[in-house]
Amino acid sequence: EIVLTQSPGTLSLSPGERATLSCRASQSVTYNYLAWYHQKPGQTPRLLIYGASSRATGIPDRFSGGGSGTDFTLTINRLEPEDFGVFYCQQYGSSPYTFGQGTKLQIK
Amino acid sequence: QVQLVESGGGVVQPGRSLRLSCAASGFIFNSYTMHWVRQAPGKGLEWLAVISYDGTNKYYGDSVKGRFTISRDNTRDTLYLQMNSLRTQDTGVYFCASGYRGGLESPAEPWGQGTLVIVSS
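Figured I'd write up the structure that's included with this text.

What counts and what doesn't
- Residues numbered from 1 in each chain as written.
- Chains lettered and ligands numbered in written order.
- Predicted model: local features only at pLDDT ≥ 70, side-chain atom pairs only at ≥ 80, totals over all residues.
- Heavy atoms only, no water.
- Contact = heavy atoms within 4.5 Å.
- Buried area = accessible area lost by both parts, 1.4 Å probe.
- Salt bridge = Lys/Arg side-chain N within 4 Å of Asp/Glu carboxyl O.
- Polar contact = N/O pair within 3.5 Å; in protein donor to acceptor, adjacent residues only side chain to side chain.
- Helix = DSSP H or I, 4+ residues; strand = E, 2+ residues; numbered from the N terminus.
- Nonpolar A, V, L, I, M, F, W, Y, C, P; charged D, E, K, R; others polar.
- Core = buried A, V, L, I, M, F, W, Y, C linked by side-chain atoms within 4.5 Å.
- Buried < 20%, exposed > 50% of the residue type's maximum accessible area, 1.4 Å probe, protein only.

### Considering the interface of chain B and chain A
Counting from both sides, the interface comprises 25 residues of chain B and, opposite them, 20 residues of chain A. Summing the contributions of chain B and of chain A, the shared interface buries around 1800 Å²; its carbon and sulfur component is 61%. Across the contact surface, chain B and chain A share zero salt bridges. Counting across the chain B and chain A interface gives seven residue pairs in polar contact (both at pLDDT 80 or more). The element that contributes the greatest number of residues to the side of chain B that touches chain A is strand 5 (residues 45-51) of chain B, accounting for four residues. Of the residues belonging to the side of chain B that touches chain A, the class tally is 12 nonpolar, seven polar and six charged.

And the structure:
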């Protein structure tokens, strides 16, 4: 099983700032099949990024994903109030398709 | 409009069984991979299982392998999760989700609203 470790656990930033979230895999992610999700309190998760760097439908270009192999990042430029919540990475290249433990992005 | 509606959750005693359903509409169900994911109260996401568009391929998470079975009925546009030998740590909200493009190896999007399962004596 591939273990995904996200850092930091909590990130406190202000609207307008840039957020950089990290996801490290215990072994290489097959085909870089790495996704990022955003979950707001009381809501279901929403897919942001798939294939490490492709934005899902309707996701603004403020969100960008990068990395390969075992190290991946999610960058959010010009933070807006609706961006806050919890972000999860997930690898879906090899079963079981594991999630990271999440990074909470909170308003400073 | 794509819609996924889970049902079948409730309170169940440890060791008992429960079957969850996920009714799909607004898309061609028999063309898409489907997932089950759960979230324990106040915790993160845990991927449970995936099934191919035709039901022939299935993968499971380690914590549910041998106890849970994913299946689908493409004539009814419905996904199922049969949960046996339930444990207190199986408590949580269970989400179904469609595979987002691609085949069996696909991320989950969109998601249903979830159904709550509470395993307690």
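### Some remarks on the nonpolar core
Among the nonpolar cores identified, the biggest contains 43 residues, and A:L105 and B:W111 are the most heavily contacted of them. In this structure, A:L105 is in contact with A:L11, A:L13, A:A19, A:I76, A:L79, A:D83, A:F84, A:G85 and A:F87, ignoring residues within four places of it in sequence. In this structure, B:W36, B:A49, B:V64 and B:V117 belong to the second largest nonpolar core, which totals 25 residues.

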